[in-house]
Amino acid sequence: MAKQDADRTTLDLFADERRPGRPKTNPLPRQAQLKLNKRNQLKRDRERGLRRIELKVDQHLLSRLNLLAAERQLSRAELIQTLLLQQLEQQDFD
């Protein structure tokens, strides 16, 4: 019988294997953990009504955004969202 990485019920199959170093705190390999964490993050975002957009900017603009976000003690995503909302509100008044 082959062991499935995501199978949490058959972990005892290889319980007698000893490996040097710190004991595993998660039965899944790192790649599976990352995939599961990303899936859960996307699910939480969807539940909060968030949608993903992707934007490519040059390094100079990115540096300026990072500095402004640090000054305002916001994450870069929060800063960009604030700037976009301000711009949209300004457009509504024109």
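Above this text you will find the structure in question.
Basis of the calculations
- Residues numbered from 1 in each chain as written.
- Predicted model: local features only at pLDDT ≥ 70, side-chain atom pairs only at ≥ 80, totals over all residues.
- Heavy atoms only, no water.
- Helix = DSSP H or I, 4+ residues; strand = E, 2+ residues; numbered from the N terminus.
- Buried < 20%, exposed > 50% of the residue type's maximum accessible area, 1.4 Å probe, protein only.
- Areas by Shrake-Rupley, 256 points an atom, 1.4 Å probe, with all protein chains shown as cover.
- 1 Å grid on protein atoms, 1.4 Å probe; cavity = no way out; pocket = protein on both sides within 12 Å on 5 of 7 lines; lining within 4 Å.
- Points joined across faces, edges and corners; volume = space filled by probe spheres on them.
- Polar contact = N/O pair within 3.5 Å; in protein donor to acceptor, adjacent residues only side chain to side chain.
- Contact = heavy atoms within 4.5 Å.
- Patch = residues over 30% accessible without salt bridge, like charges linked within 9 Å, V, L, I, M, F, W, Y side chains within 5 Å.
- Salt bridge = Lys/Arg side-chain N within 4 Å of Asp/Glu carboxyl O.
- Axes fitted to C-alpha atoms, helices over the stretch in contact; angles between N-to-C directions.
- Parallel < 35°, antiparallel > 145°, perpendicular 65-115°, else oblique.
- Nonpolar A, V, L, I, M, F, W, Y, C, P; charged D, E, K, R; others polar.
- Expected span 1.5 Å × (residues − 1).

A.B. asks: Please clarify how the overall build of the chain should be interpreted in this entry.
C.D. replies: Scanning the chain from terminus to terminus reveals 3 helices and 0 strands. Counting helices and strands in the order they occur from the N terminus, the chain gives α-α-α. When each of the 94 residues of the chain is scored for burial, the buried share is 7%. Approximately 9100 Å² of the chain is accessible, and the part contributed by carbon and sulfur atoms is 51%.

A.B. asks: What is the right way to look at the layout of surface pockets in this model?
C.D. replies: Within this model, the largest pocket holds a volume of roughly 820 Å³. Of all the elements, helix 3 (residues 76-93) adds the most residues to the lining of the largest pocket, at 8 residues.

A.B. asks: What's the story with unusual backbone geometry in this structure? I'm lost.
C.D. replies: The phi dihedral of Q73 falls on the positive side, at around 55 degrees, and the residue is not glycine. Tracing the sequence through the fold places Q73 in the loop between helix 2 (59-72) and helix 3.

A.B. asks: What should I look at first to understand the side chain of Q33 in this one?
C.D. replies: Within the secondary structure, Q33 is located in helix 1 (residues 30-47). Residue classification places Q33 among the buried positions, given a relative accessible area of 17%. For Q33, the side chain forms a polar contact with the main-chain oxygen of L28, separated by 2.8 Å. Non-local contacts of Q33, meaning those with residues more than four positions away in its chain, are made with N26 and L28.

A.B. asks: Would you mind showing me how to read a nonpolar patch on the surface here?
C.D. replies: Taken together, L55, V57 and L61 make up a surface patch of nonpolar side chains, about 260 Å² in accessible area. With respect to the helices and strands, L55 occurs in the loop between helix 1 and helix 2.

A.B. asks: How do you make sense of the packing of helix 2 against helix 3 when you look at a structure like this?
C.D. replies: When two helices pack together, their arrangement is given by the angle between the helix axes and the distance between those axes. Axis separation between helix 2 and helix 3 bottoms out at 9 Å; the angle between their running directions is 95 degrees. Classed by the angle they form, the pair helix 2 and helix 3 counts as roughly perpendicular. For the pair helix 2 and helix 3, the contacting residues are L62, L65, N66, L68, A69 and R72 in the first and R76, L79, I80 and L83 in the second. Taken together, the residues of the contact of helix 2 with helix 3 sort by class into 7 nonpolar, 1 polar and 2 charged.

A.B. asks: When you look at helix 2 in this model, what are you seeing that I'm missing?
C.D. replies: An α-helix turns once per 3.6 residues; consequently, residues spaced three or four apart project the same way. The end-to-end C-alpha distance of helix 2 is 20 Å, a good match for the 20 Å that 14 residues give at a rise of 1.5 Å each. Where helix 2 ends, the next residue or the one after it, Q73, has phi of about 55 degrees, a positive value.

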